[in-house]
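Report on the structure
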Amino acid sequence: MAELVGLENVSKAYGPTAQMLAVDGVTLTLHRQEVAALIGDSGSGKSTLLNMIGLLDRPTGGEVRLEGRATQDMTKVRRAQLRNSFVGFVFQYHYLLPEFSVLENVLMPARIGARPQDSARRRALELLALLNLESLADKNADQLSGGEKQRAAIGRALINEPPLVLADEPTGNLDSANSDDVYRLFRSINEQMGMTFLVVTHNRAVSAQMDRVLEIADGRLIRDDLAA
Ligand SMILES: Nc1ncnc2c1ncn2[C@@H]1O[C@H](COP(=O)(O)OP(=O)(O)OP(=O)(O)O)[C@@H](O)[C@H]1O
Ligand SMILES: [Mg+2]
């Protein structure tokens, strides 16, 4: 399978003398169209790793490659552009803008990326249909239920058709029916659009259903189902 993301010995040090390694020498490849789970105890480094892959944060050592391009020497502006086009984020909290409609929230990354408005709007409406939010397009985001908000946040993550979706405990605030919905949607989006997913979850029943399970402990990769 073709590489989408390549990590070479990636580390993140914190502390006044950089003595604390939140991520400690992780080397791994994420392939195109793969759905991978990232599991590990609280504080093991999952969010730190995700944020470095998604260019929200810079490693203190090693290299993050996106589609074969090294990212560490890119300017801040270039990294922001690449993040906008390459990565869709879904967080535990939806971060929708409450005073905007569902449709406007979904369209926000397309506006930021200065994409043609007609086609973005068309795609947003298609996504809302896929996410079963069609009838709520013009409602304000703060009028949705928790599950609906999280589905709208997924639409916003997908609007720029990024090859990579990073989800950090995306169902942490949802009940089990709404959680099941989210994972079903990830799978069907993966099948229909071919995006790669890396999903942080604490739920082993969920991770077991993914193509690949990565486990991290004390910043180190200790398990990789795909590794030979
Ligand atoms: N900005 C920061 N400054 C200092 N230490 C940090 C910072 N961010 C994270 N850490 C530390 O790095 C380690 C990894 O944190 P991280 O948030 O990646 O864990 P996690 O696996 O996502 O945990 P959780 O499951 O609780 O979300 C923790 O020990 C944390 O305290
Ligand atoms: Mg975390």
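Scroll up to find the structure this text is about.
Okay, so let's go over this structure. (Residues numbered from 1 in each chain as written. Chains lettered and ligands numbered in written order. Predicted model: local features only at pLDDT ≥ 70, side-chain atom pairs only at ≥ 80, totals over all residues. Heavy atoms only, no water.)

1. Section: the site of ligand 1
What surrounds ligand 1 is a group of 13 residues, the closest being Ser42, Gly43, Lys46, Ser47 and Thr48. Within the contact set of ligand 1, an oxygen atom lies 2.6 Å away from a side-chain nitrogen or oxygen of Ser42. A distance of 3.0 Å separates an oxygen atom of ligand 1 from a polar atom in the backbone of Gly45. Contact with the protein chains removes 58% of the 640 Å² of surface that ligand 1 exposes when unbound. Taken together, the elements giving at least two residues each to the shell around ligand 1 come down to strand 2 (20–31) and helix 1 (46–53). (Near = heavy atom within 4 Å. Polar contact = N/O pair within 3.5 Å; in protein donor to acceptor, adjacent residues only side chain to side chain. Areas by Shrake-Rupley, 256 points an atom, 1.4 Å probe, with all protein chains shown as cover. Helix = DSSP H or I, 4+ residues; strand = E, 2+ residues; numbered from the N terminus.)

2. With respect to the sheet that holds strand 3 (residues 35–39)
Taken together, 6 strands build an open sheet; the order of strands is 6-7-8-3-9-10 and the sheet is mixed. Strands at the two margins of the open sheet, each flanked by one partner only, are strand 6 (87–90) and strand 10 (220–224). Sheet twist, expressed as the average angle between the axes of neighbouring strands with direction ignored, equals 20°. The pairing of strand 9 (residues 212–217) with strand 10 spans 4 bridges and is classified as antiparallel. (Pairing = 2+ DSSP bridges. Axes fitted to C-alpha atoms, helices over the stretch in contact; angles between N-to-C directions.)

3. Focus: the side chain of His31
For His31, the position within the fold is in strand 2. Within the local environment of His31, its side chain forms a polar contact with the side chain of Glu34, the two groups lying 2.9 Å apart. Setting aside chain neighbours within four positions, we find His31 in contact with Met1, Ala2, Glu3, Leu4, Thr196, Arg212 and Leu226. (Contact = heavy atoms within 4.5 Å.)

4. Brief notes about the packing of helix 5 (residues 146–158) against helix 6 (residues 176–193)
When two helices pack together, you describe them by how their axes are tilted relative to each other and by the distance separating the axes. At a minimum axis distance of 10 Å, the contact between helix 5 and helix 6 shows a crossing angle of 20°. When the interaxial angle is binned, helix 5 and helix 6 end up roughly parallel. Handedness of the helix 5/helix 6 crossing: right-handed. Taking contact as the criterion, the partners of Gly147, Gln150, Arg151, Ile154 and Leu158 in helix 5 are, on helix 6, Asn178, Asp181, Val182, Leu185, Phe186 and Ile189. Residue classes in the contact of helix 5 with helix 6 are distributed as 6 nonpolar, 3 polar and 2 charged. (Parallel < 35°, antiparallel > 145°, perpendicular 65-115°, else oblique. Left-handed = near helix turned anticlockwise from the far one by under 90°. Nonpolar A, V, L, I, M, F, W, Y, C, P; charged D, E, K, R; others polar.)

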